[in-house]
2 protein chains.
Amino acid sequence: MALLLAYDGTAFAGSQAQAVGLRTVQGELEAALERLTGERRRVRFAGRTDAGVHALGQVCSFDTQAALGPQRFAAALNRYLPDDLAVRAACEVSSSFDPRRAAIARRYAYRIEHGGPRSPLTRLRAWQLRPALDVAAMVEAASGLPRERTDWSAFAGALGPQRSPWRTLLDCRVEPRGPRALAVTVEAESFLPQQVRRIVGALARVGERRLTPQAFAALIEGPPCSAGPVAPPHGLTLLDVRYPPGTLRWTDECDDDADE
Amino acid sequence: MALLLAYDGTAFAGSQAQAVGLRTVQGELEAALERLTGERRRVRFAGRTDAGVHALGQVCSFDTQAALGPQRFAAALNRYLPDDLAVRAACEVSSSFDPRRAAIARRYAYRIEHGGPRSPLTRLRAWQLRPALDVAAMVEAASGLPRERTDWSAFAGALGPQRSPWRTLLDCRVEPRGPRALAVTVEAESFLPQQVRRIVGALARVGERRLTPQAFAALIEGPPCSAGPVAPPHGLTLLDVRYPPGTLRWTDECDDDADE
């Protein structure tokens, strides 16, 4: 079974199971699955999200012998999940399906609010910066990022020795969201650890006029981890994961009444 | 001094100070004022918000001998306030200014999401209803509410014996916010306790087709507290409080750097 998940990352120590005692999306999901089905199953995710990062379209999969169809399975599982984690849809997949390897692209959005006092109602969803940012400079900088296959290690956290730093950025766009907010949307086949948040961190410095778009463009030539500060996780949301057409046929967004 | 306040109501037991041990907006604000100025002052609010209700434009006032101008006062106070409460702007007022009596109108917005699975990322800001609502019926019902001075006790919580149930609704509007969400915006000179949430509770029953717009229109004729269930507080936000022109001259939304 594959699931389309949404979660509020605020109270999670990231998506993947970690040391005992840390609350993770995987841990909550596997516990709810066990309560629903009686089965202990390992859940595989399309992508790892860090502590504090949100998701609207995370994808995961696992094996199950449960006789429920996807719609009823999703509705029933939602009753066992905590408030900050929900199944949006489900579909049957073969047991060989690997949501990480099968994915062809991931899309994230990062929200920044700027030029005003801090805003309590959005503090867990947006990076709030005090100065008004030069959004036009950020738009220009984002549009200049390479779209061809590129060594992105300057924008990555520490990589293991086996890990290739080559990635293909499909899209990176800065768009205003009213006078005091903006969204950075990025899409790639896959991302390096912290790559999105390091791109956003550098773009914010462009917006603060501490870095010219030209200096920004040169960052990618730098040594590993050199591109500067990592934007905080709470502004970031995994929007969706793309698969080849026909791979996943989601139920309609699950109707919690389906099995009543 | 008068302050324009924003807060996330989730972790507050409402705006007004209550029994010791309950965390309130007034309590946090008076504590921060004392830390900033050394003065113990009672803060007066334009309107009472219940536990869980949010605000973008609450107004309050208090006396102070502090020598800081409004801009610096607001910026300095923000450093002493918790993350879920912020000053947006400030202005000087006479010590006779009463933010409740001087106000000529209050405007609230209530957000409902409907027709989909629960959504973790908006669960603390929107009332999430499982069935898809008949938004057109809600629009019609809202437009039929009386705009003249009316006895609103059917839509109120319990009122003290001294309290007049007569209120004048200035606006009530239901507007879609995309395919699965809507906002109910209401404005009145002032509201009775729970009036907004009882209007929304009844409108939701219209949306669920459990109440016709005609039956909705008749509710106002009913005895006190008869209009039915109260919508939960977390969907409600106090948007702004209006004063006669010239009463309050806010600083620009306060720049936290003002005193640096």
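## Points about the packing of aromatic side chains
Residues and elements named next belong to chain A. All told, the structure shown has 14 aromatic pairs over all chains when counted by the stated rule. Measuring from ring centre to ring centre gives 5.7 Å for Phe97 and Tyr243, while their planes differ by 50°; the resulting arrangement is tilted. Linking Phe97 in the loop between β4 (85-91) and α3 (99-102) with Tyr243 in the segment after β11 (236-242), this pair joins segments that are 146 residues apart in sequence. Residue Phe97 is classed as buried on the basis of its relative accessible area of 9%. Residue Tyr243 is classed as buried on the basis of its relative accessible area of 11%. Here a set of aromatic residues connected by ring pairs shows up, and it is made of Trp152, Phe155 and Phe216.

## Notes on the pattern of salt bridges
Enumeration over the complete set of coordinates arrives at 34 salt bridges over all chains. Among the salt bridges present, the one from Arg123 of chain B reaches Asp8 of chain A, with a minimum N-O distance of 2.9 Å. In this pair, Arg123 of chain B is assigned in the loop between β5 (105-114) and β6 (127-129) and Asp8 of chain A in the loop between β1 (2-7) and α1 (25-37), connecting two distinct chains. Residue classification places Asp8 of chain A among the buried positions, given a relative accessible area of 4%. Taking the shortest distance from any N to any O, the salt bridge between Arg111 of chain B and Glu113 of chain B comes out at 3.2 Å. The partly exposed category is assigned to Arg111 of chain B, whose relative accessible area is 31%.

## Describing the relation of the copies chain A and chain B
Note that the two copies of the chain are related through a rotation about an axis and a translation along the same axis. With an RMSD of 0.0 Å, chain A superimposes on chain B once it is rotated by 180° and translated 0.0 Å along the axis. Read as a symmetry element, the transformation amounts to a two-fold axis. Identified as the residue of chain A closest to the rotation axis by C-alpha distance is Thr122 of chain A, at 5.3 Å. A high fraction, 100%, of the interface residues of chain A reappear at the interface in chain B, so the copies pair face to face through one surface.

## Examining the layout of surface pockets
Unoccupied space between atoms shows up once a probe the size of one water molecule is rolled over them. All names here are of chain A. The space that makes up the second largest pocket amounts to roughly 900 Å³. Lining the second largest pocket are 31 residues, and of these Ala46, Gly47, Arg48, Arg100 and Arg163 sit closest to its centre. Taken together, the elements giving at least two residues each to the lining of the second largest pocket come down to β2 (44-45), α3, β5 (105-114) and α5 (195-207). Per-element accounting of the lining of the second largest pocket gives the leading share, three residues, to α5. Taken together, the residues of the lining of the second largest pocket break down into 12 nonpolar, seven polar and 12 charged.

## A look at the side chain of Thr237 of chain B
The topology assignment puts Thr237 of chain B in strand β11 (residues 236-242). If near-sequence neighbours (up to four positions away) are discounted, Thr237 of chain B is found in contact with Leu121 of chain A together with His54, Ala55, Leu56, Arg107, Tyr108 and Ala109 of chain B.

## Side note on the state of the cysteines
Under the counting rule described, the total for this entry stands at zero disulfides over all chains. Here Cys60 of chain A is not cross-linked by a disulfide; its sulfur's nearest cysteine counterpart is in Cys91 of chain A, at 11 Å. No disulfide involves Cys172 of chain B; its sulfur sits 19 Å from the nearest other cysteine sulfur, which is in Cys225 of chain B. The exposure class of Cys172 of chain B is buried, given its relative accessible area of 3%.

## Comments concerning the confidence of the model for chain A
Residues and elements named next belong to chain A. Summary statistics for chain A give a mean pLDDT of 93 and a share of 97% for residues scoring 70 or more. Scored below 50 in pLDDT, residues 255-260 makes 16 contacts in the model with residues more than four places away or belonging to other chains. Scored as a complex, the prediction yields pTM 0.91 and ipTM 0.87.

## Concerning the interface of chain A and chain B
How big an interface is tends to be reported as the loss of accessible area on association of its parts. In this complex, chain A contributes 31 residues to the contact, which on the side of chain B involves 31 residues. Considering only the side of chain A, the residues that lose the most area to chain B are Arg118, Leu121 and Arg130 of chain A, jointly responsible for 32% of the buried surface there. Viewed at the interface, chain B and chain A are joined by two salt bridges. At the junction of chain A with chain B, the criterion picks out 14 residue pairs in polar contact (both at pLDDT 80 or more).

## Details of the packing of helix α4 (residues 135-143) of chain A against α5 of chain A
All names here are of chain A. Close contact between α4 and α5 brings their axes to 8 Å; oriented N to C, the two are set at 140°. One element, α4, and the other, α5, form an angle in the oblique class. Helix-helix and strand crossings are classified by hand; for α4 and α5 the assignment is right-handed. In this structure, α4 uses Ala137, Met138, Ala141 and Ala142 to contact α5, whose residues at the interface are Leu203, Ala204, Val206 and Gly207. Each residue belonging to the contact of α4 with α5 can be placed in one class, and the counts come to seven nonpolar, one polar and no charged.

The rules we used
- Residues numbered from 1 in each chain as written.
- Chains lettered and ligands numbered in written order.
- Predicted model: local features only at pLDDT ≥ 70, side-chain atom pairs only at ≥ 80, totals over all residues.
- Heavy atoms only, no water.
- Phe/Tyr/Trp six-rings, centres within 6.5 Å; stacked < 30°, edge-to-face > 60°.
- Helix = DSSP H or I, 4+ residues; strand = E, 2+ residues; numbered from the N terminus.
- Buried < 20%, exposed > 50% of the residue type's maximum accessible area, 1.4 Å probe, protein only.
- Salt bridge = Lys/Arg side-chain N within 4 Å of Asp/Glu carboxyl O.
- Least-squares fit on C-alpha atoms with pLDDT ≥ 70 in both.
- Contact = heavy atoms within 4.5 Å.
- 1 Å grid on protein atoms, 1.4 Å probe; cavity = no way out; pocket = protein on both sides within 12 Å on 5 of 7 lines; lining within 4 Å.
- Points joined across faces, edges and corners; volume = space filled by probe spheres on them.
- Nonpolar A, V, L, I, M, F, W, Y, C, P; charged D, E, K, R; others polar.
- Disulfide = S-S within 2.5 Å.
- pLDDT = per-residue confidence, 0-100.
- Buried area = accessible area lost by both parts, 1.4 Å probe.
- Polar contact = N/O pair within 3.5 Å; in protein donor to acceptor, adjacent residues only side chain to side chain.
- Axes fitted to C-alpha atoms, helices over the stretch in contact; angles between N-to-C directions.
- Parallel < 35°, antiparallel > 145°, perpendicular 65-115°, else oblique.
- Left-handed = near helix turned anticlockwise from the far one by under 90°.

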